[in-house]
Amino acid sequence: MGAQEGLIENLTYDELRPGQRAQMMRTLSKDDINAFALVSGDVNPAHVDAEYAEGTRFKGVIAHGMWAGALISSLLGTEFPGPGTIYLEQSLRFHRPVRVGDTLTVGVTVAEKDDATRNVTLDCIVLNQHGDQVVTGRALVRAPTQKIVRPRAAMPTMHLFDPEARLEAWVQTLSGHPPVRCVVVHPCDEGSLHGALDARAHGLIEPVFVGPALRIRTLAEQMQVSLDGIEIVDVPHSHAAAVAAAALAARGEAQMLMKGSLHTDELIKAVLDENSLRTGRRMSHVYRFEVPAYPKPLLVTDAAINIAPSLAEKADIVRNAVELAHALGMHQPRVALLSAVETVTPRLASTLDAAALCKMADRGQIAGALLDGPLAFDNAISVEAARIKHIESPVAGNADILVVPDLEAGNMLAKQLEYLAGAASCGVVLGARVPIALTSRADAAISRMASAALAGVVARAIAAGKAR
């Protein structure tokens, strides 16, 4: 069209000639379908429900028909004739469905001009990558009379992201593994019972319930769920459930534990009191987050167990997280040691610890990962922030693991990611002979199930000798 880079330019009525043509190309993505559904409100399951769409005559999800019509409108409004064009009429005939991955060529051709009204009739055609007609029609527009050249508007980036869907998709990748025998400790509220049953239904765990049997069965009846085939170890209360669960794991009768409706401290104490479950390494908690604005899963540690860890304890926290990353398939995870600043200063003990941990990694005392720190949060996850501050590091802006200075910082960071950034999470406690799927009363069902999946990954790694 002759427009310079970054500019949008029209064609006036006088510049248009019969037979003159313009075209554009666009490949359909799943995000295009979701965006169109959100903007239009058209959530017809043929477009947004894969299970339903498989049962239709199209045998899969298809784009909204008017998505192709919107591409015609885009070509008319931005290029041919472009700014100043007034849309008057549009007829469309739909010939074929459009599927994710299809590349459409949208063409418009001047058919007629009316000098009295400045109206222009254009033939419209949309072809797929095979050259088949998808849409045909005719548009009637009033063409502009004045030349317009404007800077192309800078539009915000649309992030269409469902963290829970991405978390569920990750869980689905684990479905081919045999279920892990798991002791579910005191599943006496709806959330914990549902989470365990969902994990069982997805083939993630073979559960053993430990808690007051009558209370568990009564709850199941109220929830109208079946406990058929599930072993229940009857104990009177949560403390007894924690002790019995730890004993079962110590005897090798389970490969992982899953927290139900009891306090975390109660369960962790029972595990620590069972000497045969100790490894000599500090126990710590790791969150796995799916964050909308971050391109890959993010591990955060420790936000649940260690209140003010010492340098030696932080070293174990890092080692635990690195082993989890390895179990998840990260060969050389990038570990960012967080503080408020990125420079080492005696006034902030966390910066000294970060520097010491990096030196420990240099000396092989912490292996299997790239460590850098101290790093402020922005430098750890933003390449641009690291560039502005002239930080050259393989970790900065690309972290896989964030190690927080203390529990307060970790807890606040984790909750901010979830409640402000819209992240979805799951979590596991490491450092004992068996992993512990740690859940919260506020967790969604998918987070509880994903925590079981995460602990299962660790349990299989331990069984294979790839983790402590």
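Since the structure is predicted, the reported quantities are computational estimates derived from the model, not experimental observations.

About the thresholds
Residues numbered from 1 in each chain as written. Predicted model: local features only at pLDDT ≥ 70, side-chain atom pairs only at ≥ 80, totals over all residues. Heavy atoms only, no water. Helix = DSSP H or I, 4+ residues; strand = E, 2+ residues; numbered from the N terminus. Rg over C-alpha atoms; globule rule 2.2 N^0.38 Å. Contact = heavy atoms within 4.5 Å. Areas by Shrake-Rupley, 256 points an atom, 1.4 Å probe, with all protein chains shown as cover. Buried < 20%, exposed > 50% of the residue type's maximum accessible area, 1.4 Å probe, protein only. Polar contact = N/O pair within 3.5 Å; in protein donor to acceptor, adjacent residues only side chain to side chain. Pairing = 2+ DSSP bridges. Axes fitted to C-alpha atoms, helices over the stretch in contact; angles between N-to-C directions. Parallel < 35°, antiparallel > 145°, perpendicular 65-115°, else oblique. Nonpolar A, V, L, I, M, F, W, Y, C, P; charged D, E, K, R; others polar. Core = buried A, V, L, I, M, F, W, Y, C linked by side-chain atoms within 4.5 Å. Phe/Tyr/Trp six-rings, centres within 6.5 Å; stacked < 30°, edge-to-face > 60°. Lys NZ or Arg CZ within 6 Å of the ring centre and 35° of its normal.

Colleague: Help me understand the overall build of the protein chain, please; the structure alone is not making it clear to me.
Modeller: Helix and strand counts for the protein chain come out as 15 helices and 18 strands. Computed over its C-alpha atoms, the radius of gyration of the protein chain comes to 29 Å, more than 25% above the 23 Å expected for a compact globule of 468 residues. Seen through its C-alpha atoms, the protein chain measures out along the principal axes to roughly 95 × 60 × 30 Å. Within the protein chain, contacts between residues separated by at least 24 positions form 71% of all contacts whose residues are at least 6 apart in sequence. Summing over all exposed atoms, the protein chain offers an accessible surface of approximately 22,400 Å²; the carbon and sulfur share of this is 52%.

Colleague: Even after reading the chapter, I still don't get the side chain of N128, so can you show me in this structure?
Modeller: Looking at the element boundaries, N128 is found in the loop between β5 (119–127) and β6 (133–142). On the accessibility criterion, N128 (10% relative accessible area) is buried. Separated by 2.9 Å, the side chain of N128 and the backbone nitrogen of H130 make a polar contact. If sequence neighbours within four positions are ignored, N128 has contacts with R96, T103, L104 and V134.

Colleague: Looking at this structure, I do not really get the pairing of β5. What am I missing?
Modeller: The two faces of the sheet receive side chains in turn, since in a regular strand these alternate between them. As judged from the nine bridges shared by strand β4 (residues 103–114) and β5, these two strands associate in the antiparallel manner. Across the sheet, residue T109 finds its bridge partner in β5, namely D123. Sheet topology places β5 next to β6; nine bridges connect them, and they run antiparallel. Counterpart to N119 in the pairing with β6 is R142. In textbook terms, the turn of a hairpin is the stretch between consecutive antiparallel strands, and for β5 and β6 this stretch comprises five residues, one of which, G131, has a positive phi near 85°.

Colleague: Help me out: how do you make sense of the pairing of strand β13 (residues 298–301) in this one?
Modeller: On β13, burial covers both faces: L298 and V300 on one face and L299 and T301 on the other are all buried. The pairing of strand β12 (residues 284–290) with β13 spans three bridges and is antiparallel. Across the sheet, residue F289 finds its bridge partner in β13, namely L298.

Colleague: I would appreciate a short explanation of the packing of helix α6 (residues 190–201) against helix α7 (residues 213–223) in the present structure.
Modeller: Each pair of packed helices can be described by the angle between their axes along with the distance between the axes. Between α6 and α7, whose axes approach to 11 Å, the crossing angle comes to 80°. Regarding the angle of α6 to α7, the classification is roughly perpendicular. Here α6 contributes E190, L193 and H194 to the contact with α7, which in turn contributes I216, L219, A220 and M223. The residue inventory of the contact of α6 with α7, partitioned by class, reads five nonpolar, one polar and one charged.

Colleague: How should the nonpolar core be read in this particular structure?
Modeller: Looking at soluble globular proteins, one finds that nonpolar side chains tend to be buried together. If you look at the biggest cluster of nonpolar residues, it comprises 61 residues, and the most contacted ones within it are W170, F209 and L371. Among the nonpolar cores identified, the runner-up in size contains 32 residues, and L11, L28, A68 and V134 belong to it.

Colleague: Honestly, the packing of aromatic side chains in this entry has me stumped. Any pointers?
Modeller: The description of two aromatic rings rests on the distance between their centres and on the angle between their planes. Enumeration over the complete set of coordinates arrives at one aromatic pair. Ring geometry for Y287 against F289: centres 5.1 Å apart, planes inclined by 35°, an arrangement best described as tilted. Owing to a relative accessible area of 0%, F289 belongs among the buried residues under this scheme. If you follow K113 out to its NZ or CZ, it ends over the ring of Y13, 4.2 Å from the centre. One Lys or Arg, R288, reaches over the ring of W170 and ends 4.1 Å from the middle of that ring.

Colleague: Quick question: what am I supposed to make of the sheet that holds strand β3 (residues 86–94) here?
Modeller: Strand pairing in a sheet is mediated by backbone hydrogen bonds. Such pairs are either parallel or antiparallel. The strand order β2-β4-β5-β6-β3 describes an open sheet built from five strands, whose pairing is antiparallel. This sheet does not close on itself; its edge strands, each paired only once, are β2 (21–27) and β3. Between one strand axis and the next, the sheet turns through 20° on average, direction left out of account.

Colleague: Would you mind going over the sheet that holds strand β11 (residues 256–259) with me for this structure?
Modeller: Read from one edge of the open sheet, eleven strands run β10-β9-β8-β11-β18-β17-β12-β13-β16-β14-β15, paired in mixed fashion. With one partner strand each, in any of the chains shown, β10 (231–234) and β15 (370–375) form the two edges of the open sheet. Here strand β8 (residues 180–185) pairs with β11 via four bridges, running parallel. Considered in β11, the bridge of C182 is made with M256. Its contacts with the sheet put α7 on β9 (205–211) and β10, and the angle it makes with β10 is roughly 135°. Against the sheet, helix α11 (residues 349–362) contacts β14 (334–338) and β15, and its axis sits at roughly 165° relative to β15.

Colleague: Any chance you could explain unusual backbone geometry here in plain terms?
Modeller: Peptide bonds are, in most cases, trans, and in most cases residues other than glycine have a negative phi. Residue P81 is bonded to the preceding F80 through a cis peptide linkage, with omega at 5°. Among the structural elements, P81 can be located in the loop between α4 (65–78) and β3. For the bond running from T301 to D302, omega is -5°, close enough to zero to count as cis. By the element assignment, D302 lies in the loop between β13 and α10 (311–327). Although it is not a glycine, R118 sits at a positive phi angle of roughly 65°. Here R118 shows up in the loop between β4 and β5. Residues other than glycine seldom take positive phi values, yet H186 does so here, at roughly 60°. Looking at the element boundaries, H186 is found in the loop between β8 and α6.

Function cannot be read off these values alone, since they describe shape.
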